[in-house]
Amino acid sequence: MAHTPIPHCIGFIMDGNRRWALAQGQDRLAGHVAGFETFKNVVRWVRDAGIAHAVFYAFSTENWKRSEEEVTTLLALFEQALREQYTQTEADLADRSELGVRVRFIGQRHDFAPALQQLMSDLEERSNQYTGTTIWIALSYGGRAELVAAINTAIERGKPVDEATFRSLLWSAALPDVDLLIRTSGEQRISNFLPWQLSYSELIFTPTYWPAFTKEAFDRMLEEYAARERRRGL
Ligand code: IPE
Ligand code: IPE
Ligand code: MG
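Just so it is clear, the structure is predicted and the values come from calculations on it, not from any experiment.

Definitions and limits used
Starting from 1, residues in each chain are numbered consecutively following that chain's sequence as written. Written order determines the labels here, with chains lettered from A and ligands numbered from 1. Two thresholds apply to this predicted model, a pLDDT of at least 70 for residue-level local features and 80 or more for giving and counting side-chain atom pairs, whereas whole-chain, interface and lining totals are computed over all residues. Note that water and hydrogens are dropped before the side-chain values are worked out from all heavy atoms of the structure. The secondary structure listing takes helices from DSSP runs of H or I that are at least 4 residues long and strands from runs of E that are at least 2 residues long, numbered from the N terminus. Each radius of gyration reported is based on C-alpha atoms, and the globular scaling rule is 2.2 Å times the count of residues to the power 0.38. Burial classes follow relative accessibility: with a 1.4 Å probe on protein chains only, a residue under 20% of its type's maximum area counts as buried, one over 50% as exposed, and anything between as partly exposed. Throughout, the Shrake-Rupley method with a 1.4 Å probe supplies accessible areas, and for residues the shown protein chains are the sole cover considered. Neither His nor the chain termini are counted; the positive set is Lys and Arg, and the negative set is Asp and Glu. Where a charge sits is defined by one atom per residue type, namely NZ (Lys), CZ (Arg), CG (Asp) or CD (Glu). Nearness here has a simple test: a residue counts as near a molecule or strand if at least one of its heavy atoms is within 4 Å of that partner. Each polar contact in these results corresponds to two N or O atoms within 3.5 Å; when the atoms are within protein, one needs to be able to donate a hydrogen and the other to accept it, and residues that are neighboring in sequence are counted only if both atoms are side-chain atoms. In this analysis the probe radius is 1.4 Å and the grid spacing 1 Å, with only protein atoms considered; a cavity is a set of points the probe fits into but cannot get out of, a pocket is an open set with protein on both sides within 12 Å along at least five of seven lines, and lining residues have an atom within 4 Å of a point. To be counted as sitting in a cavity or pocket, a molecule needs more than half of its atoms within 2 Å of that site's grid points. Any residue that is not Ala, Val, Leu, Ile, Met, Phe, Trp, Tyr, Cys, Pro, Asp, Glu, Lys or Arg is counted as polar, Gly included; the first ten are nonpolar and the last four charged. Throughout this description, the term salt bridge denotes a Lys or Arg side-chain nitrogen within 4 Å of a carboxyl oxygen of Asp or Glu.

Trainee: Could you give an account of the overall build of the protein, with specific residues and numbers?
Mentor: Per the secondary structure count, the protein includes 8 helices and 6 strands. On C-alpha atoms alone, the protein measures out to a radius of gyration of 18 Å, which is about the 17 Å that the 2.2 N^0.38 rule sets for 234 residues. Across the 234 residues that make up the protein, the buried fraction comes to 46%. Of the roughly 11,800 Å² of accessible surface on the protein, a fraction of 51% belongs to carbon and sulfur atoms. The protein carries 26 positive and 31 negative side-chain charges, and their two centres are separated by 3 Å.

Here it is as structure tokens:
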């Protein structure tokens, strides 16, 4: 079966922030700040490669179990990131090329403070003007929680579902199947990310920690993806 050279939808498990910081002799939490810079770069690379959808695992339902200090640091970083984007003027947009993409959030939004939820919906609304690339950010996202929520909705509706209807009940309903998933940090697991959309994904694992992920590595991965034969059972 012919493969599409460029993935239509690419996923990233952005892992290894704390180990990267420790390896640099920095405070572990400084790794999240560095990881945010990588995220902004990757958004630009994805957009410039003409990829239509990119989904980033930023915070899992299980990550709430980390220390209060770490969760507070991460929440402050999300808020700063959202405000940075929200207060941009059209002139800023010209230099700050990380924007210019449509943004969507997936996960349990109600876990966040109302002010943060408002920033998320404002950014979604404001970024609707961009049509090239859609960036999906998984925040307080857990694949099992998502499946259970969809099943409960199906039960409330009282009708059996087929695959298409079930998919439409997911938080990530509008997210296409992930063609290529990249996980940094050397771990070779999925960690509760997108069970539905990852069913037939090509997987690439790299030992590089997320803050050290480079454009060269990204380009090589796109080449590797293009060379893979996707059979999907055929
Ligand atoms: C990924 O890096 C970011 C989040 C999960 C929020 P980690 O914080 O998991 O860093 P490591 O994997 O412990 O190095
Ligand atoms: C997965 O990384 C979640 C995110 C990248 C947001 P974790 O560091 O939480 O995953 P495990 O604990 O290694 O499975
Ligand atoms: Mg990790």
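Don't stop here, the text continues.
Trainee: Before we move on, could you go through the site of ligand 1 and cite the residues and values that matter?
Mentor: Inspection of the region around ligand 1 gives Met14, Asp15, Gly16, Asn17, Arg18, Arg19, His32, Ala58, Asn63 and Arg66 as its neighbouring residues. The backbone of Asn17 places a nitrogen or oxygen atom 3.2 Å from an oxygen atom of ligand 1. Between Arg19 and ligand 1, the recorded distance is 2.7 Å, taken from a side-chain N or O atom to an oxygen atom. Expressed as a share of its isolated accessible area of 380 Å², the protein-covered part of ligand 1 is 89%. Judged by the proximity of its atoms to the pocket grid, ligand 1 belongs to the largest pocket. Across the shell around ligand 1, the residue classes tally to 2 nonpolar, 4 polar and 4 charged.

Trainee: Requested: an account of the site of ligand 2, with residues and values cited.
Mentor: Every residue lining ligand 2 is accounted for by Ile13, Met14, Asp15, Tyr57, Ala58, Phe59, Asn63, Arg66, Arg183, Arg189 and Ser191. Within the contact set of ligand 2, an oxygen atom lies 3.3 Å away from a side-chain nitrogen or oxygen of Arg66. When the free accessible area of ligand 2 is taken as 390 Å², the share hidden by the protein chains comes to 78%. Assessed atom by atom at 2 Å from the grid points, ligand 2 resides in the largest pocket. Sort the elements by how many residues they give to the shell around ligand 2 and strand β2 (residues 53-60) lands first, with 3 residues. Grouping the amino acids of the shell around ligand 2 by side-chain chemistry returns 5 nonpolar, 2 polar and 4 charged.

Trainee: Pulling in residues and values, what's your account of the pattern of salt bridges?
Mentor: Scanning all chains against the criterion turns up 18 salt bridges. Ionic pairing is found between Glu79 and Arg83, a salt bridge with its closest N-O pair at 2.8 Å. Here the residue Glu79 and the residue Arg83 both occupy positions in helix α3 (residues 68-86), the gap between them amounting to 4 residues, near one helical turn. Classification of Glu79 by relative accessible area gives partly exposed; the value is 29%. Residue Glu202 pairs with Arg230 through a salt bridge whose shortest N-O separation is 3.8 Å. With Glu202 in strand β6 (residues 202-205) and Arg230 in the segment after α8 (215-227), this residue pair connects regions lying 28 residues apart in the sequence. Relative accessible area serves as the criterion here: at 7%, Arg230 is assigned to the buried category. What emerges from the salt-bridge pattern is a single network uniting Asp15, Arg19, Arg183, Glu187 and Arg189.

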